[in-house]
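Residue-level listing of the chains:
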Amino acid sequence: MPAVNQAERRLLWFVCSTLAAAALAWVAFQVQQEGIAPVVLFPVLVGALLGAAVAGVRQFTALPGRGTTIVAAVVLGLLVVAAQDYIGHRQRLRLYSDELRAGHPLAAAAAAEGDFRPTFVHHLQARLRDRPVWWTLDFVFTAAAAGVVAAIATRKQRVWQSYPGGDLELRQEA
C-alpha cells in the first residue's frame, strides 16, 4: 500500500469525523422521533459516541493533535444538535409538501394565500421559543460530552515497561 502523506491523513480525518457526526445526527433524530430519548442522558450519550468516533478516527489516521481533536469534537457536537434540527425541519417541509400534493383543503387554501413553508431559521426560532432551556441543555451536554470523551480517549497513558532482571520503567505513550 502506498504511503499516505500528512495532508491526505488530515483530509481523511476531517471527512470521516464529519461523516460520523452526520450519521450520528440522523440516528439521534430517528431515536428522538420514537420518543425514547431521556432528557439529559440522551445528549450525553450522543456526545460521548461522537467524541469516541472523532478520537477513533484520530487513532486511525494518527492526526491531528490532541487539542485539535478535542476542539473538533466539541464543534462537531454543536453541529450534531443543529443537524438534528435541520433534519426535523426538512421532515416538516416534506410533510407540508405531501399535504399539498394530497389536495388537503386547508393546505390548498393556505398555498393559495402564499408560501407558508418555514425557513430553517424560523424553525430554529420556534424551537428556541418553545423549549429554550431544553434546547440549550441539549446543545451544551452534547458538545461537552463529545469534548470530554475525546479528551479522555486521547490522553497520554502511563505504561510500566518491564525489562529482563525485574527492572521497571515508567514511560508516557500517546
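Residues numbered from 1 in each chain as written. Predicted model: local features only at pLDDT ≥ 70, side-chain atom pairs only at ≥ 80, totals over all residues. Heavy atoms only, no water.

## Details of the overall build of the protein
Rules: Per the convention used, a helix needs a DSSP run of H or I reaching at least four residues, while a strand needs a run of E reaching at least two, with both numbered from the N terminus. With a 1.4 Å probe rolled over the protein chains alone, any residue whose accessible area is under 20% of its type maximum counts as buried; one over 50% counts as exposed, and the rest are partly exposed. Residue contacts follow a heavy-atom distance rule, with two residues in contact if any of their heavy atoms lie within 4.5 Å. Accessibility throughout is a Shrake-Rupley quantity obtained with a 1.4 Å probe, and a residue counts as covered only by protein chains that appear here.
Each helix and strand counted, the protein has six helices and two strands in total. Seen in sequence order, the protein has helices and strands lined up from the N terminus as α-α-α-α-α-α-β-β. Counting only residues that meet the buried cut, the protein has 26% of its 174 residues in that class. For the protein, restricting intrachain contacts to residue pairs at least 6 apart in sequence, the fraction spanning at least 24 positions comes to 70%. For the protein, the accessible surface area stands at approximately 11200 Å², while carbon and sulfur atoms represent 64% of it.

## Structural notes on the pattern of salt bridges
Here is the rule we go by: Each reported salt bridge corresponds to a side-chain nitrogen of Lys or Arg within 4 Å of a carboxyl oxygen of Asp or Glu.
Tallying each qualifying case throughout the model produces one salt bridge. The partner of Asp85 in a salt bridge is Arg127, and the shortest N-O contact between them spans 3.1 Å. On the criterion of sequence distance, the pair formed by Asp85 in helix α3 (residues 66-102) and Arg127 in helix α5 (residues 120-130) is long-range, its members being 42 residues apart. Looking at Asp85, the relative accessible area reads 5%, which means it is buried.

## Some points on the packing of aromatic side chains
For clarity, the threshold we go by: Stacked, tilted and edge-to-face are the three classes assigned to paired rings of Phe, Tyr and Trp, where Trp is represented by its six-membered ring and a pair needs centres within 6.5 Å; plane angles under 30 degrees give stacked, over 60 edge-to-face, the rest tilted.
Evaluation of the coordinates by the stated rule reveals two aromatic pairs. With a centroid separation of 4.7 Å and an interplanar angle of 20°, the aromatic rings of Trp135 and Phe139 are classed as stacked. One end of the pair is Trp135 and the other is Phe139, both in helix α6 (residues 132-154) and four residues apart, which spans about a single turn. The exposure class assigned to Trp135 is buried, which follows from its relative accessible area of 13%.

## Looking at the packing of α3 against α5
Stated precisely, the cut-off is as follows: For helices, the fitted line uses only the C-alpha atoms of the stretch in contact; every axis is such a line through C-alpha atoms, and the angle between N-to-C directions lies from 0 to 180 degrees. Roughly parallel means an angle under 35 degrees; roughly antiparallel, over 145; roughly perpendicular, 65 to 115; everything else is oblique. Throughout, a crossing is termed right-handed when the near helix is turned clockwise from the far one, and left-handed when it is turned anticlockwise from it by less than a right angle. As a working rule, the residues Ala, Val, Leu, Ile, Met, Phe, Trp, Tyr, Cys and Pro are called nonpolar, Asp, Glu, Lys and Arg charged, and the rest polar, with Gly in that last group.
Relative to each other, α3 and α5 sit at 110°, their axes nearing to 10 Å. Judged by the angle between their axes, α3 and α5 are roughly perpendicular. In this structure, the crossing between α3 and α5 has a hand that is right-handed. Contacts between α3 and α5 pair Ala82, Asp85, Tyr86, Gly88, His89 and Arg92 from the former with Phe120, His123, Leu124 and Arg127 from the latter. Per-class residue counts for the contact of α3 with α5 are four nonpolar, three polar and three charged.

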